[in-house]
Amino acid sequence: MATGQDTLFERFLAPVLGQLLDREAMLQLRRSVDWAAAADQFGAVGYPDYYQTGNFHGIEGGYLSPDAAVTYDPITQYVLPPNETWVRQNLVDTIQGQPRRILDLGCGTGSTTLLLKQAFPKAEVIGLDLSPYMLAVAEQKATAEGLSVTWIQGDAAQVPFADASFDLVSASLLFHETPPSVARAVLAESHRLLKPAGEIAILDGNQRTLRWAGWLNDIFEEPYIREYASGSLDAWMGAAGFESVRTEDFWMIHQVTHGVKPADYSLPAYK
Ligand SMILES: C[S@@+](CC[C@H](N)C(=O)[O-])C[C@H]1O[C@@H](n2cnc3c(N)ncnc32)[C@H](O)[C@@H]1O
């Protein structure tokens, strides 16, 4: 795995995690996927500039590399204390209705997407991500669990679905990795995609904690995490038109934000 040099990730986190990770399992996954075919299968999309220039988590090329996809789950289990599934379940638990059509933006390897499908088995669930390699791992996990999810490659700020076509839009661990202008564009797009009274649920790093615990920002090699920490997801959601916006902290370092598209929203307002 190619990593950045002399970063806190390289000096501190990578050596610690290196002892914990199951290298043989990662190599097996690396060998089990035809990465070129995966890139072809999901088709070509235009990548936003911020996405191509960032070295996320110390991996050169960010998410546009099979190494990122292979190492993502093994690393993520250690950076979502106290328990990755509990943390993700917090997002699912905020959902109030019984969504029939769900879109998970920036779905990555699909860990939250699959929890959503398990919670709402009758729903049509779609996971969208820019990285064909992350999607290839997500697809493999869904097949292994016998869960039917549609995976598509695309930009969460420009989603190829009709206005008001989803009951729930979710995003986990996406916004700390995007410039705030992109986060706001994704929220506006989510608002467009939701039916009136549709719900949005977002899991991410706790902005208030990240603001005072600057060293956390240094450990994870994330190019936009400081800008994310200095912003307010509640304010961004309000500006996008969501109401009843509420953020709850979990274990001080995570937050889950829930909001609703106004029930009386009139569709022609987009035109
Ligand atoms: C930290 S990972 C989170 C993955 C997953 N949601 C999870 O909870 O583990 C961030 C993901 O967002 C994706 N991503 C970043 N910007 C995106 C965008 N504009 N549109 C779609 N996906 C994006 C990346 O490819 C990556 O898979």
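This text follows the structure it describes.
Nothing here was measured: the structure is a model prediction, and the numbers come from that model.

J.: I'd like a rundown of the packing of helix H6 (residues 84–93) against helix H7 (residues 111–119), residues and numbers included.
T.: Close contact between H6 and H7 brings their axes to 10 Å; oriented N to C, the two are set at 50°. Judged by the angle between their axes, H6 and H7 are oblique. With respect to the hand of their crossing, H6 and H7 are arranged in right-handed fashion. Here Arg88, Gln89, Leu91 and Val92 of H6 lie close against H7, whose contacting residues are Ser111, Thr112, Leu115, Leu116 and Ala119. Grouping the amino acids of the contact of H6 with H7 by side-chain chemistry returns five nonpolar, three polar and one charged.

J.: Describe helix H8 (residues 132–145), and please don't skip the residues or the numbers.
T.: Spanning 14 residues, H8 covers 20 Å between terminal C-alpha atoms, matching the ideal 20 Å at 1.5 Å per step. Those residues of H8 that fall on the buried side of the exposure criterion are Pro132, Tyr133, Met134, Leu135, Ala136, Val137, Ala138, Glu139 and Ala142. On its buried face, H8 is in contact with helix H3 (35–41), helix H5 (66–79), H7, strand S2 (124–129) and strand S3 (150–153).

J.: So what's going on with the nonpolar core? Which residues, and what values?
T.: Judged by nonpolar contacts, the single largest core of 58 residues is most densely connected at Ala69, Ile102, Leu103, Leu105, Met134, Val169 and Ile202. With seven residues, H8 is the largest single contributor of residues to this core. If sequence neighbours within four positions are ignored, Leu103 has contacts with Ile126, Leu128, Phe166, Val169 and Leu193.

J.: Could you give an account of the sheet that holds S3, with specific residues and numbers?
T.: Here seven strands make up an open sheet; going across it, the order is S3-S2-S1-S4-S5-S7-S6 and the pairing mixed. Edge positions in the sheet fall to S3 and strand S6 (243–250), since each has one partner strand and no second. On average, each strand axis in the sheet is tilted by 15° relative to the strand beside it, whichever way the strands run. In this structure, strand S4 (residues 166–172) lies alongside strand S5 (residues 194–205), joined through six bridges in parallel fashion. Across the sheet, the residue bridging to Ser170 is Ala201, located in S5. Against the sheet, H8 touches S2 and S3, its axis set at about 175° to S3.

J.: Explain the site of the ligand residue by residue, including any values.
T.: Neighbouring residues of the ligand: 22 residues in total, closest Tyr63, Gly106, Gly108, Ala156 and Ser172. Among the elements of the structure, H7 and S2 are those that each provide at least two residues to the shell around the ligand. Of the residues in the shell around the ligand, the class split is 11 nonpolar, eight polar and three charged.

Thresholds applied
- Within each chain, residue numbers correspond to sequence positions counted from 1 in written order.
- Owing to the predicted nature of the model, reporting of local features is limited to residues with pLDDT of at least 70; listing and counting of side-chain atom pairs is limited to 80 or more, with chain, interface and lining totals taken over all residues.
- Lines fitted to C-alpha atoms define the axes, with helix axes restricted to the stretch in contact, and inter-axis angles between N-to-C directions lie between 0 and 180 degrees.
- Strands here mean DSSP runs of E at least two residues long; helices mean DSSP runs of H or I at least four residues long; both are numbered from the N terminus.
- Here the word oblique covers every angle except those under 35 degrees (roughly parallel), over 145 (roughly antiparallel) and from 65 to 115 (roughly perpendicular).
- Crossing handedness is read from the near helix: turned anticlockwise from the far helix by less than a right angle, it gives a left-handed crossing, and turned clockwise, a right-handed one.
- By definition, residue pairs are in contact when their C-beta atoms, positioned from the backbone, come within 7 Å.
- As a working rule, the residues Ala, Val, Leu, Ile, Met, Phe, Trp, Tyr, Cys and Pro are called nonpolar, Asp, Glu, Lys and Arg charged, and the rest polar, with Gly in that last group.
- Helices are assigned an expected span. That span is 1.5 Å times one less than the residue count.
- Our exposure labels follow a C-beta count within 10 Å of each residue's own C-beta, placed from the backbone: buried means 20 or more other C-beta atoms, exposed means 12 or fewer, and partly exposed covers the counts in between.
- In these notes, a nonpolar core means any group of buried Ala, Val, Leu, Ile, Met, Phe, Trp, Tyr and Cys residues linked to one another through C-beta atoms within 7 Å.
- Here a strand pair is declared whenever DSSP counts at least two bridges between the two strands.
- Whether a residue is near a molecule or strand depends on its C-beta atom, generated from backbone atoms, being within 6 Å of that molecule or strand.

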